[in-house]
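# Commentary on secondary and tertiary structure
As a plain string of letters, each chain reads:
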Amino acid sequence: MTRPILEAKGLHVSFNGVRAADDVSIAVHDGEFLAIIGPNGSGKTTLLNICTGYIRPSSGSVVLDGHDITRLSPRAIARRGVARAFQIPQLFSAQRVIDNMMLALAATDGLWSVVQPLETASRRDEARALLELVGLADDAGRISSKLPEGHRKLMDIAVALALKPRLLLLDEPTSGVSALERFPLMEALMSALRQRRITALFVEHDMDVVARYASRVLVWSAGNIMAEGRPDEVFSNAQVRQRVVGVA
Ligand SMILES: Nc1ncnc2c1ncn2[C@@H]1O[C@H](COP(=O)(O)OP(=O)(O)OP(=O)(O)O)[C@@H](O)[C@H]1O
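Residues numbered from 1 in each chain as written. Predicted model: local features only at pLDDT ≥ 70, side-chain atom pairs only at ≥ 80, totals over all residues.

## Observations concerning the sheet that holds strand 5 (residues 67-68)
Ordered in space as 2-1-4-5, the 4 strands form an open sheet in which the pairing is antiparallel. At either margin of the open sheet sits one strand with a lone partner, and together these are strand 2 (18-29) and strand 5. One ladder, built from 5 bridges, connects strand 1 (residues 4-15) with strand 4 (residues 59-64); its direction is antiparallel. Bridge assignment links A8 to a residue of strand 4, and that residue is V62. (Pairing = 2+ DSSP bridges. Helix = DSSP H or I, 4+ residues; strand = E, 2+ residues; numbered from the N terminus.)

See below:
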């Protein structure tokens with residue numbers, strides 16, 4: 001296996017006595033598409049929150065490319081190449097898709113200023129390239145709120161990619177997406193990740209999606225990992241089938 005991009009070691013977090021991370025250690029390797037599955041409330045999102053600086057663990061560390069990022073702010077972590085999709089509120093749902101993309105690029109450039117024009121030729125080109133990357137080139141002129149849910153999710157992913165991340169964290173990429181849309185969405189996501197050589201970690205409840213797309217799976221239970229392996233390995237584990245997949 002390749003070297004880890006991100007390594008978490010011995011993470012502990014409790015909320016009012018509930019252990020959301022109970023000595024969690026994980027390694028995310030370059031190029032993998034790593035799934036996290038597990039029952040509601042088992043601590044999956046807490047791990048994403050720790051890795052992106054939104055929650056500080058009471059002990060343990062997170063190391064990105066050899067640098068300790070445990071106590072950095074979310075913004076500082078994002079600048080080091082860790083992006084998160086489905087985090088940015090849809091403040092501009094009345095705007096066109098291309099305008100949202102240019103806003104995301106402007107925010108990444110740190111050019112939040114009324115005197116700076118939002119639309120420049122290079123930013124428009126970059127926005128279009130990102131939309132093309134996720135298969136939304138034809139949606140550039142549409143109003144964001146009018147997009148089907150699968151396309152809106154891809155727009156959120158394109159917004160996260162504006163940061164040029166090395167590691168993308170996704171919390172349930174297919175939630176709220178129709179059965180017809182979820183595989184095309186995943187295909188577009190996988191293609192974008194491959195083209196940009198981005199490693200990804202995703203929390204997912206849809207086991208068909210995990211079985212089909214994950215390169216490795218971590219199974220969460222009560223604040224820690226109860227099993228891990230390739231999708232076929234974890235899905236043939238009786239405990240996992242009983243506790244997580246819901247099949248005896
Ligand atoms: N900011 C917080 N304040 C208080 N309790 C929290 C906070 N974040 C998480 N928790 C609690 O920590 C536990 C783990 O929550 P977390 O959201 O990480 O689980 P999850 O596996 O992502 O769940 P789901 O699949 O339902 O999204 C839960 O009991 C949750 O209520």
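From this point on, the discussion continues.
## Notes on the domain arrangement of the protein chain
Each domain of the protein chain was delimited in the assignment, giving domain 1 (1-81 + 165-248) and domain 2 (90-164). Taken over C-alpha atoms, the centre of domain 1 sits 26 Å from the centre of domain 2. Every contact between the two is made by 16 residues of domain 1 and, on the other side, 13 residues of domain 2. Broken down by element, the residue count for the side of domain 1 that touches domain 2 peaks at 9 residues, all from helix 6 (residues 179-196). (Domains from an automatic or database assignment. Contact = placed C-beta atoms within 7 Å.)

## Observations concerning the site of the ligand
The environment of the ligand is made up of F15, V18, A20, G38, N40, G41, S42, G43, K44, T45 and T46. No other element matches the 3 residues that helix 1 (residues 44-51) contributes to the shell around the ligand. Considering only residue class, the shell around the ligand consists of 3 nonpolar, 7 polar and 1 charged. (Near = placed C-beta within 6 Å. Nonpolar A, V, L, I, M, F, W, Y, C, P; charged D, E, K, R; others polar.)

## Section: the confidence of the model for the protein chain
Here the protein chain shows a mean pLDDT of 90. Residues at 70 or above account for 94%. As scored by the predictor, the complex reaches a pTM of 0.92 and an ipTM of 0.96. (pLDDT = per-residue confidence, 0-100.)

## Focus: helix 5 (residues 149-161)
Each turn of an α-helix holds 3.6 residues, which means side chains three or four residues apart point in the same direction. With 13 residues, helix 5 extends 18 Å between its outermost C-alpha atoms, agreeing within 8% with the 18 Å of an ideal straight helix rising 1.5 Å per residue. Here helix 5 lies mainly inside the structure; 12 of its 13 residues are buried. Along helix 5, the positions that sit buried rather than exposed are G150, H151, R152, K153, L154, M155, D156, I157, A158, V159, A160 and L161. Against strand 6 (82-85), helix 3 (97-109), helix 4 (121-133), strand 7 (167-171) and helix 6 lie the buried residues of helix 5. (Expected span 1.5 Å × (residues − 1). Buried ≥ 20, exposed ≤ 12 C-beta atoms within 10 Å, placed from the backbone.)

## Section: the packing of helix 5 against helix 6
When two helices pack together, their arrangement is given by the angle between the helix axes and the distance between those axes. Contact geometry of helix 5 with helix 6 gives a least axis separation of 9 Å together with a crossing angle of 15°. Taken together, helix 5 and helix 6 sit at an angle that is classed as roughly parallel. Both helix 5 and helix 6 take part in a crossing whose hand is right-handed. In this structure, helix 5 contributes E149, G150, K153, L154, I157 and L161 to the contact, and helix 6 contributes E181, R182, P184, L185, A188, L189, A192 and R196. (Axes fitted to C-alpha atoms, helices over the stretch in contact; angles between N-to-C directions. Parallel < 35°, antiparallel > 145°, perpendicular 65-115°, else oblique. Left-handed = near helix turned anticlockwise from the far one by under 90°.)

## A look at the pairing of strand 6
Side chains of strand 6 alternate between two faces, with V82 and R84 and A83 and A85 buried alike. Pairing of strand 6 with strand 7 involves 4 bridges; the strand directions are parallel. Of the residues in strand 7, the one forming a bridge with V82 is L167.

## A few points about the pairing of strand 1
Of the strand pairs in this sheet, strand 1 and strand 2 are connected by 9 bridges, and their pairing is antiparallel. In the sheet register, P4 faces strand 2, and the bridge partner there is H29.

## As for helix 1
Burial analysis of helix 1 places 7 of its 8 residues in the buried class, which makes it a mostly covered element. Of all the positions in helix 1, only K44, T46, L47, L48, N49, I50 and C51 are classed as buried. A positive backbone phi angle near 85° is found at G53, which sits one or two residues after helix 1.

## Overview of the sheet that holds strand 6
Strand order in the open sheet made by the 6 strands is 6-7-8-3-9-10, with mixed pairing throughout. Of all the strands in the sheet, the pair left with one neighbour each is strand 6 and strand 10 (224-229). Ignoring strand direction, the axes of neighbouring strands in this sheet form an average angle of 20°. Here strand 9 (residues 216-221) runs beside strand 10; their pairing, made up of 5 bridges, is antiparallel. Bridge pairing in strand 10 places W220 opposite I225. Across the sheet, helix 1 touches strand 3 (33-37), strand 6, strand 7, strand 8 (199-203) and strand 9, and the angle it forms with strand 7 is around 145°. Of the strands in this sheet, strand 6 and strand 7 are in contact with helix 5, which crosses strand 6 at around 165°.

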